[in-house]
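The chain contents come next:
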Amino acid sequence: MSRTPFIAGNWKMHGTIAEAEQLVQALLPRVAAAPCDIAVCVPFTALQAVVDSVRGSGVAVYAQNMHHAEKGAFTGEVSAAMLGELDVDGVVLGHSERRQLFGETDKALQLKVPAALDAGLEVILCVGETEDERENGDTERRLRHQVQEGLEKVPAERLGDVVIAYEPIWAIGTGNVATPEQAQDALAFVRALVADRDKEQAERTRILYGGSVKADNAAELLALPDCDGALVGGASLDAEQFAAIVDAAPQR
Ligand code: 13P
């Protein structure tokens, strides 16, 4: 089965409304003819402005987190319905920064992933091991736990709708990109974990690599058999760099 490549830029906590609009205006003409799917993952406060700016362009807009409940006494949280009201297309869930710095648990993700899908949002579920886990030979155990927990309450027929981003934590923001072999092994392992639930859906599932993806290493990563795209951090804040990564996506 051919899967449309998907390049997503995670802006993290970067971008006032004015900066976000500037970045989008620089980006849109550079990716207008791209044959792949493209998303920008934007801070909450700039979502509305970016949704308005990209309208009609084919570029999708994602939030970077949400709460699983529809509403309630959850100070500081945002629900899927609130994102949907802004015409946001999707949401990044379980990014390692949320797991490591803000106590996001696999249990919480078990609820968030199906809640987002039910609300009509697309989902990028992030998984990945620490440097210690890799050195101790615990990478597969860690990935198995994260993928199984995150997808546990997703019905089998919807598994292929969840995009999974494999982001080794040691590669994020460090310049230490995974080797093609390390990336392919992990991406194939993640696909096999989805196949344990449903073989057909695993062929539909798009699995992205993330961690120090730049214009000069993107083509090699994106050519890997189980790599269906990239989740790009730092390089997504530069329209030219991000567009060059989009250009590196193979036409499938
Ligand atoms: P960098 O591309 O800056 O390493 O960040 C990757 C990432 O965390 C994307 O979600």
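Residues numbered from 1 in each chain as written. Predicted model: local features only at pLDDT ≥ 70, side-chain atom pairs only at ≥ 80, totals over all residues. Heavy atoms only, no water.

Trainee: Can you break down the overall build of the protein residue by residue, with the values?
Mentor: Per the secondary structure count, the protein includes 11 helices and eight strands. For 252 residues, the compact-globule formula gives about 18 Å, and the C-alpha radius of gyration of the protein, at 17 Å, lands near that figure. On the principal axes, the C-alpha backbone points of the protein span a range of 45 × 45 × 35 Å. A buried classification covers 53% of the 252 residues belonging to the protein. For the protein, the share of sequence-separated contacts (at least 6 apart) that also reach a separation of at least 24 residues comes to 73%. (Helix = DSSP H or I, 4+ residues; strand = E, 2+ residues; numbered from the N terminus. Rg over C-alpha atoms; globule rule 2.2 N^0.38 Å. Buried < 20%, exposed > 50% of the residue type's maximum accessible area, 1.4 Å probe, protein only. Contact = heavy atoms within 4.5 Å.)

Trainee: Give me the site of the ligand: which residues, what numbers.
Mentor: The environment of the ligand is made up of Asn10, Lys12, His95, Glu167, Ala171, Ile172, Gly173, Gly211, Ser212, Leu231, Gly233 and Gly234. Measuring from an oxygen atom of the ligand, one finds a side-chain N or O atom of His95 at 2.8 Å. Within the backbone of Gly173, one N or O atom sits 2.6 Å away from an oxygen atom of the ligand. Protein coverage of the free-state accessible area of the ligand, which is 310 Å², stands at 97%. (Near = heavy atom within 4 Å. Polar contact = N/O pair within 3.5 Å; in protein donor to acceptor, adjacent residues only side chain to side chain. Areas by Shrake-Rupley, 256 points an atom, 1.4 Å probe, with all protein chains shown as cover.)

Trainee: Which residues make up the nonpolar core, and what are the values?
Mentor: Ile7, Val50 and Tyr209 are the most contacted members of the largest nonpolar core, which totals 73 residues. A per-element tally of this core places helix α8 (residues 180–197) first, with seven residues. Ranked by size, the runner-up nonpolar core spans 13 residues in total, among them Cys41, Tyr62, Ile124 and Ala165. (Core = buried A, V, L, I, M, F, W, Y, C linked by side-chain atoms within 4.5 Å.)

Trainee: Describe the sheet that holds strand β1 (residues 6–10), naming the residues involved and giving the relevant values.
Mentor: The eight strands are arranged β1-β2-β3-β4-β5-β6-β7-β8 in a closed barrel whose pairing can be described as parallel. With direction set aside, neighbouring strand axes in the sheet form an average angle of 25°. Bridge analysis of strand β6 (residues 162–166) against strand β7 (residues 207–210) gives three bridges, and the strand direction is parallel. Among the inter-strand pairings, Ala165 is bridged to a residue of β7, identified as Leu208. Sheet contacts for helix α2 (residues 47–54): β2 (37–41) and β3 (60–63); angle to β3, the most-contacted strand, approximately 170°. Strands β5 (122–127), β6 and β7 of the sheet are contacted by α8, whose axis makes an angle of about 145° with β7. (Pairing = 2+ DSSP bridges. Axes fitted to C-alpha atoms, helices over the stretch in contact; angles between N-to-C directions.)

Trainee: Explain the pairing of β1 to me, and be specific about the residues and the numbers.
Mentor: Along β1, five of the five residues are buried, which leaves the element largely enclosed by surrounding structure. Burial along β1 is two-sided: Phe6, Ala8 and Asn10 and Ile7 and Gly9, pointing in opposite directions, are all buried. Pairing between β1 and β2: five bridges, direction parallel. By the bridge assignment for β2, Phe6 is matched with Asp37. In terms of handedness, the path from β1 via helix α1 (residues 17–31) over to β2 forms a crossover that is right-handed. (Right-handed = clockwise from strand over helix to strand, strands pointing away.)

Trainee: So what's going on with the side chain of Gln184? Residues and values would help.
Mentor: Relative to the elements of secondary structure, Gln184 occurs in helix α8. Residue contacts for Gln184: discarding those within four places in its chain leaves Leu224, Pro225, Asp226 and Cys227.

Trainee: Run through helix α11 (residues 239–247), naming residues and quoting values.
Mentor: Among the residues making up α11, those that are buried are Ala239, Phe242, Ala243, Ile245 and Val246. The buried residues of α11 occupy one face: seen down the axis, they fall within an arc of 155°. Seen from the buried face of α11, the exposed residues on the opposite side, beyond 90 degrees, are Glu240 and Asp247. On its buried face, α11 is in contact with β1, α1, β2, α10 (218–222) and β8 (229–232). The N-cap of α11, judged by a side-chain oxygen 3.0 Å from the amide nitrogen of Glu240 a few residues on, is Asp238. (Arc of directions from axis to C-beta.)

Trainee: I'd like to hear about the pairing of strand β4 (residues 90–93), residue by residue, with values.
Mentor: The alternating pattern of β4 places Gly90 and Val92 and Val91 and Leu93 on opposite faces, both of which are buried. By the bridge criterion, two bridges tie β3 to β4 in an arrangement that is parallel. The residue bridging Ala63 from the neighbouring strand is Val91, located in β4. Running through helix α3 (residues 80–85), the crossover from β3 to the neighbouring parallel element β4 is right-handed. Across four bridges, β4 lies against β5 in parallel orientation.

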